[in-house]
Amino acid sequence: MARIVFDLPPHFGFDTEVQVYINHVNYGGHLDNALLLTLVSEARVRFFRALGYAENDVGGLPIVVGDVLAQYRSEAFYGEQLRIAMQPTDLSRCAFDLAWCVTENSQGREVARGKHGIVFTDPATHRAASIPEAVRAQLLAL
């Protein structure tokens, strides 16, 4: 089986910690793959808050997730603390990729890596809109 190959950026400008709760664990006894994306979504909200924004108002515009790529590397288990690091990459006129890497804190074991494609939208037309210049400058500074 061919696997997705996703290279991580050389550094990450943001990180946060989350805990694996019992409702994140599936019948196999490990972090459910879909709920991993829930934890990464929580980290994404924290990323934008750290920049001073809510996802429905990033420099005056809402954002949507246009695509997701996830590559699972190892299991995570109930009670583990995970570090989720994030870095904006590949900025275009109206979008960027938010690369992420999830590691288990005590051993540094990589759990997953991937990216969310973040698209800025015009709230009136629901079409792609240009990244506000102040936001672009913040993203490039990370």
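One can find the structure itself at the top, above this paragraph.
What comes next is a walk through the structure. (Residues numbered from 1 in each chain as written. Predicted model: local features only at pLDDT ≥ 70, side-chain atom pairs only at ≥ 80, totals over all residues. Heavy atoms only, no water.)

So, about the environment of Leu142. Within the secondary structure layout, Leu142 lies in the segment after α2 (133-141). In this structure the C-alpha to C-alpha distance between Leu142 and Val40, which are 102 residues apart in sequence, comes to 18 Å. (Helix = DSSP H or I, 4+ residues; strand = E, 2+ residues; numbered from the N terminus.)

Nonpolar side chains in soluble globular proteins generally cluster together in the buried interior. If you look at the biggest cluster of nonpolar residues, it comprises 32 residues, and the most contacted ones within it are Leu82, Ile84, Met86 and Trp100. Elements with a contribution of two residues or more to this core: β1 (14-19), α1 (33-50), β2 (63-72), β3 (81-89), β4 (95-104), β5 (110-120) and α2. Counting residues per element, this core draws most heavily on α1, which supplies six residues. (Core = buried A, V, L, I, M, F, W, Y, C linked by side-chain atoms within 4.5 Å. Buried < 20%, exposed > 50% of the residue type's maximum accessible area, 1.4 Å probe, protein only.)

Our next topic: the pairing of β4. The two faces of a sheet get side chains in turn, since along a regular strand they alternate between them. Counting buried positions over the ten residues of β4 gives ten, a clear majority of the element. Of the two faces of β4, the one lined by Ala95, Asp97, Ala99, Cys101 and Thr103 and the one lined by Phe96, Leu98, Trp100, Val102 and Glu104 are each fully buried. Here eight bridges tie β3 to β4, and the two strands are oriented antiparallel to one another. Bridging from a neighbouring strand, Met86 pairs with Trp100 of β4. Hairpin connection, β3 to β4: the antiparallel pair is bridged by five residues, and Asp90 has positive phi, about 50 degrees. Here β4 pairs with β5 via nine bridges, running antiparallel. By the bridge assignment for β5, Ala95 is matched with Val119. (Pairing = 2+ DSSP bridges.)

Quick look at α1 now. Taking 1.5 Å as the rise per residue, α1 with 18 residues should run 26 Å; its terminal C-alpha atoms sit 26 Å apart, in good agreement. Here α1 has its buried residues at Leu36, Leu39, Val40, Ala43, Arg44, Phe47 and Phe48. Where α1 is buried, its residues touch β1, β2, β3, β4, β5 and α2. The opening residue of α1 is Asp32, an N-cap whose side-chain oxygen sits 3.0 Å from the backbone nitrogen of Ala34. Gly52 occupies a position one or two residues after α1 and carries a positive phi of about 95 degrees. (Expected span 1.5 Å × (residues − 1). Contact = heavy atoms within 4.5 Å. Polar contact = N/O pair within 3.5 Å; in protein donor to acceptor, adjacent residues only side chain to side chain.)

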